[in-house]
Each structure stands twice: as C-alpha cells, then as structure tokens.
Amino acid sequence: MSDANQGPASKPLKLVVIGNGASGKTSIVNHLVVGKSGKGYSQTLGVEFYLKPVRLPGGHRLNVQLWDIGGQTLGGRMLDKYLYASDVSVSIPLRTLSL
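Given the structure is predicted, the values throughout are model-derived calculations rather than measurements.

About the thresholds
- Residues numbered from 1 in each chain as written.
- Predicted model: local features only at pLDDT ≥ 70, side-chain atom pairs only at ≥ 80, totals over all residues.
- Heavy atoms only, no water.
- Helix = DSSP H or I, 4+ residues; strand = E, 2+ residues; numbered from the N terminus.
- Buried < 20%, exposed > 50% of the residue type's maximum accessible area, 1.4 Å probe, protein only.
- Lys, Arg positive; Asp, Glu negative; His and termini not counted.
- Salt bridge = Lys/Arg side-chain N within 4 Å of Asp/Glu carboxyl O.
- Polar contact = N/O pair within 3.5 Å; in protein donor to acceptor, adjacent residues only side chain to side chain.
- Contact = heavy atoms within 4.5 Å.

*Asks:* Go over the side chain of Lys14 with me, naming the residues and quoting the values.
*Replies:* When you line up the elements, Lys14 lands in strand β1 (residues 13-19). Within the buried core, Lys14 has no salt-bridge partner, and the shortest N-O distance to an opposite charge, that of Asp87, equals 8.1 Å. Looking at Lys14, its side chain comes within polar contact range of the main-chain oxygen of Tyr84, at 2.6 Å.

What follows is the structure in structure tokens.
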C-alpha cells in the first residue's frame, strides 16, 4: 500500500555487509542508518538486521534492508543463506596496522 504524499512503495532492497571481525561493518551500518557510529566495539553474533527508508527523486521510496553479518560467520554454514537473494553485497576489508 502506498501513501499519495510519499509515493509508491517498492520491493525492499537487500544489502548484505560482510567482512572479517572488527573490520568496522557495524560502525558503517550504524552510520548509514542513524547517522553516527557507536563508540567502542561490540561483536556482532550471527546477523543483525536494520531498515533504512530512502526517498528517491520523483517521490519514490526505497526500503533498504541492511544485513550486518558477524565476522565469525565467514567460514560458517549460514553465509550462503545470508547472501541468498541479496541485491547488493558489500565486503569490508580488514585494515591491517603496520608498526
């Protein structure tokens, strides 16, 4: 159903964010969804889901489903299930420090 003032609703866009643990995936997703990153580190266990409504030109709306996949999942049996039917997947590389 759509509201005349908000334009037609569309099928949600599934965006999956993957990468090694502690690479900043959750901080990036939080910045996209709420406009700021959290302070400190909190490990994502399994998967966290977020919804970001986006207004497009012409009055159209797009609901982006963000799937924040925990880094420990990369070698697990569920990764292909999380990636299934995704419209976009983003891989966050692990930044290495050189001392």
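*Asks:* Outline the side chain of Asp68, listing residues and values.
*Replies:* With respect to the helices and strands, the residue Asp68 is situated in strand β3 (residues 61-69). Despite being buried, Asp68 has no salt bridge partner; Lys25 is the closest side chain of opposite charge, sitting 5.4 Å away. Here the side chain of Asp68 touches Thr26 through a polar contact of 2.4 Å, side chain to side chain. Ignoring sequence-local partners within four residues, the contact set of Asp68 consists of Val17, Lys25, Thr26, Val29, Thr44, Gly46, Val47, Glu48 and Tyr50.

*Asks:* Which residues make up the pattern of salt bridges, and what values go with them?
*Replies:* Two side chains with opposite charge may pair up if their charged atoms get near one another. This structure, assessed with the given rule, holds 2 salt bridges. Two residues, Asp80 and Lys81, come together in a salt bridge whose shortest N-O distance is 3.5 Å. Its relative accessible area of 47% is what places Asp80 among the partly exposed residues.

*Asks:* With reference to specific residues and values, describe the environment of Val33.
*Replies:* On the secondary structure map, Val33 appears in helix α1 (residues 25-34). Separated by 33 residues in sequence, Val33 and Leu66 place their C-alpha atoms 8.8 Å apart. Contacts of Val33, omitting those with residues within four sequence positions, involve Tyr50, Leu51, Lys52 and Leu66.

*Asks:* Residue-level account of unusual backbone geometry, with values.
*Replies:* Although it is not a glycine, Ala22 sits at a positive phi angle of roughly 65 degrees. Relative to the assigned elements, Ala22 resides in the loop between β1 and α1. Its identity is not glycine, yet Ala85 carries a phi of approximately 65 degrees, on the positive side.

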